[in-house]
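Listed here are the chains, written in short residue letters.
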Amino acid sequence: MSGNFWKFGIAAALVLLPASMASAQEVPDADETAVLCHGVQSICVSAKIPVAGTTQAVQNWMSPDVGAAWAAGYKGRGVTITMVDDFSSSDRFSGNFGIGVQTQRHGEWTREEASMIAPAATIRSKDFSTGSAVSLAGGRNVLNLSYGMYTTAGYSVNQIWWAPEEASIINYATRGTAVVSKAAGNDAVAVGGVTGGQQDYLDLALIGKPTAIFVGALSTNGTTANKAALAWYSNYAGSDPLVQSHFLVVGVDGSKTGLYGTSFAAPIISGYAAIIGSKFTKATPVQITNDLLNTARTDTLVNYDPSIYGKGEASLSRALAPVAIH
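All of the points below concern the structure found in this document. (Residues numbered from 1 in each chain as written. Predicted model: local features only at pLDDT ≥ 70, side-chain atom pairs only at ≥ 80, totals over all residues. Heavy atoms only, no water.)

Description of the pattern of salt bridges
For the structure shown, the criterion picks out 6 salt bridges. Put simply, E165 and K126 hold a salt bridge, and the shortest N to O gap is 2.4 Å. Remark: K126 occurs in strand β7 (residues 122–127) and E165 occurs in helix α3 (residues 164–175); sequence separation between them is 39 residues. Residue E165 is classed as buried on the basis of its relative accessible area of 0%. What makes K126 buried here is its relative accessible area of 0%. (Salt bridge = Lys/Arg side-chain N within 4 Å of Asp/Glu carboxyl O. Helix = DSSP H or I, 4+ residues; strand = E, 2+ residues; numbered from the N terminus. Buried < 20%, exposed > 50% of the residue type's maximum accessible area, 1.4 Å probe, protein only.)

Dropping the structure here:
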């Protein structure tokens, strides 16, 4: 699904593209009960989420680790997830997270997914079309980026003049003040690679940042008995060790939801980060990030290779296992 929102820089014009691969379905009549985020102040706090009241059920597209975390009392309480996404366009498509077929905007889908993984987290919606800076809430913060910023390949990141939105996100990832979960992209190239003569400069700007996590998609959740492979469309870690060390994969089982793409991988990691933060209440975003990265599994993946899978498949159970994280 392509975006029609533009942000202009000194060196290049960047087109903002959601990282979804869902089958788009236009709906002529807008659902007026959905959240609309307009204007400079474009954060909608605790927006109406259609799954309210049903989010406690573990769905078949989720890892069983999610249910185990909930049973232990860890559901994301005390952590704020801010979804930076499309909450105002006319683009909608259909899918089913196990609670019935719905037709929603890209951001409404990613928000719903994160809220289902971490039902006790505070969910905020930031419309990505305005370009205003992303603000952090008090306490622990996670930012979900299920989109990319593309323009002609060959520029240096230093040549890009970022809008306040992306500048604030890059700053948080650099300073380690928020976990940043970034969809890896759906071009079947290495993170930051060239596709169609263009590159995702938001990917490039986040490489090497302490709390940035690039998230690729597996075709299903992996187990040691039934190992999972990278989804055919998913970007992979590539040869850069800085990317490999901050790259995770999770299952995106479109055969169950009708929703495909790394757009739907990133919210799972956002939810996991919130759940971890609800157990380790003194942990910093850097510690939460490192916990996720350092506990990833490689034994659930077909022909594990760090250039493909990075650190491996995120394991919520392993990340929650320690008494404390440092």
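Some words on empty space enclosed by the protein
This model, assessed by the stated rule, comprises 4 cavities of 30 Å³ or more. For the largest cavity, the calculated volume is near 50 Å³. Taken together, W61, F97, E113, G251, V252, D253, T257, L259, F264 and I268 make up the lining of the largest cavity. The class makeup of the residues in the lining of the largest cavity is 6 nonpolar, 2 polar and 2 charged. (1 Å grid on protein atoms, 1.4 Å probe; cavity = no way out; pocket = protein on both sides within 12 Å on 5 of 7 lines; lining within 4 Å. Points joined across faces, edges and corners; volume = space filled by probe spheres on them. Nonpolar A, V, L, I, M, F, W, Y, C, P; charged D, E, K, R; others polar.)

Brief notes about the pairing of strand β13 (residues 247–251)
With respect to burial, β13 is a largely interior element, 5 of its 5 residues being buried. Residues F247, V249 and G251 point to one face of β13 and L248 and V250 to the other, with burial holding for every one of them. Two elements, strand β12 (residues 212–218) and β13, share 5 bridges in a ladder whose sense is parallel. Across the sheet, the residue bridging to L218 is G251, located in β13. Alignment of β13 against strand β14 (residues 312–313), held across 2 bridges, turns out to be parallel. Residue pairing in the sheet places L248 in a bridge with G312 of β14. (Pairing = 2+ DSSP bridges.)

Some details on the layout of surface pockets
Here the largest pocket is characterised by a volume of approximately 300 Å³. Considering the residues around the largest pocket, the lining is formed by 19 residues, among which S63, P64, N221, G222 and E313 are closest to the centre. Breaking the lining of the largest pocket down by element, the ones donating at least two residues are α1 (64–71) and α10 (316–320).

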